[in-house]
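Overview (structure and organization)
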Amino acid sequence: MEDLELLNIVEWGLKSYRDENLGNKFGLMEYYSLTDLEPNVLARIARRNKKASLGNSLSKFTEDFFWLRQEIKMSEKLRLLHAAGGHELTADEKLSIYDKIKEEGYPTFEGIFNYSARLFVSQGIDSISKEKIRTKIIDSYNSAHGIKTEKPTSTKTLIK
């Protein structure tokens, strides 16, 4: 994805995106599904591309989510109770969520873990995939802007 496309999607996400299943606004999980760049780095790229208001929004995004950007302390997670969506997570579930976060390449932040726990309880472990979340955001962006994308059709080779 090019810088300008990423900037447009992130700008729209910060203003308008809402997850239809959980009702969450654009947060850390969505941001890190789109890019691995830190928000301050993307803010500098936005300012270079003459999108100063987006740069300011990304700086505010970093400040707003400061407390969710703390590293996960798994010893505390395993020792203390943690419930998501009315379901108390077991130690094995917490570890599988943590492993999935690391496997997908997300940063190991408290906010990412908590959101992943909610996704795990409501939709299963596979819903924590970067690709699924990225696709959902891009599809929402496209439908909001009236962009129609053709779904790739599979081509089968007939063998006689």
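1. Some details on helix α4 (residues 52-64)
For α4, which comprises 13 residues, the first-to-last C-alpha distance of 18 Å matches the rise-based estimate of 18 Å (1.5 Å per residue) to within 8%. Regarding α4, the residues found buried are L54, G55, L58, F61 and T62. Taken down its axis, α4 places every buried residue within 115 degrees of arc, on the same side. The inward-facing, buried residues of α4 abut α1 (3-16), α2 (28-34) and α3 (39-48).

2. Let's talk about the packing of α1 against α4
Orientation of α1 relative to α4, taken along the N-to-C sense of each, is 60 degrees, at an axis distance of 11 Å. Comparing the axis directions of α1 and α4 gives the class oblique. Like other packed secondary-structure pairs, α1 and α4 cross with a definite hand, here left-handed. Of the residues in α4, those touching α1 at L7, V10, E11 and L14 are S53, L54, S57, L58 and F61. Its residues placed into classes, the contact of α1 with α4 shows six nonpolar, two polar and one charged.

3. Digging into the packing of α1 against α3
Packing of α1 against α3 brings their axes to within 11 Å, and their N-to-C directions diverge by 110 degrees. Considered as vectors, α1 and α3 are oriented roughly perpendicular to each other. Along this stretch, α1 crosses α3, giving a crossing that reads as left-handed. Across from D3, L6, L7 and V10 in α1, the residues of α3 making contact are L42, I45 and A46. Residues that form the contact of α1 with α3 fall into these classes: six nonpolar, no polar and one charged.

4. A look at the pattern of salt bridges
Side chains that differ in charge, positive against negative, can pair when their charged atoms come close. All told, the structure shown has 10 salt bridges when counted by the stated rule. We note a salt bridge from E11 to K15, for which the minimum N-O separation is 3.7 Å. Here K15 and E11 lie together in helix α1, a separation of four residues that amounts to about one turn. Judged by its relative accessible area of 17%, E11 falls in the buried class.

5. Considering the packing of aromatic side chains
Aromatic rings in a pair are described by how distant their centres are and how their planes are angled relative to each other. Across all of its chains, the model carries eight aromatic pairs by this definition. Ring centres of W12 and Y17 lie 6.0 Å apart, and the angle between their planes is 65 degrees; this geometry places the pair in the edge-to-face category. For the pair W12 and Y17, a shared accessibility class is recorded, and that class is buried. Here Y31 and Y32 contribute two aromatic rings whose centre-to-centre distance is 5.1 Å and whose plane-to-plane angle is 90 degrees, an arrangement assigned as edge-to-face. Across the pair, exposure class does not vary: Y31 and Y32 are buried alike. Connected via pairs of aromatic rings, a cluster forms that spans W12, Y17, F26, Y31, Y32, F61, F65, F109 and Y141. We note K130 situated over the ring of Y106; from NZ or CZ to the ring centre the distance is 5.4 Å.

Parameters and conventions
- Residues numbered from 1 in each chain as written.
- Predicted model: local features only at pLDDT ≥ 70, side-chain atom pairs only at ≥ 80, totals over all residues.
- Heavy atoms only, no water.
- Helix = DSSP H or I, 4+ residues; strand = E, 2+ residues; numbered from the N terminus.
- Expected span 1.5 Å × (residues − 1).
- Buried < 20%, exposed > 50% of the residue type's maximum accessible area, 1.4 Å probe, protein only.
- Arc of directions from axis to C-beta.
- Contact = heavy atoms within 4.5 Å.
- Axes fitted to C-alpha atoms, helices over the stretch in contact; angles between N-to-C directions.
- Parallel < 35°, antiparallel > 145°, perpendicular 65-115°, else oblique.
- Left-handed = near helix turned anticlockwise from the far one by under 90°.
- Nonpolar A, V, L, I, M, F, W, Y, C, P; charged D, E, K, R; others polar.
- Salt bridge = Lys/Arg side-chain N within 4 Å of Asp/Glu carboxyl O.
- Phe/Tyr/Trp six-rings, centres within 6.5 Å; stacked < 30°, edge-to-face > 60°.
- Lys NZ or Arg CZ within 6 Å of the ring centre and 35° of its normal.

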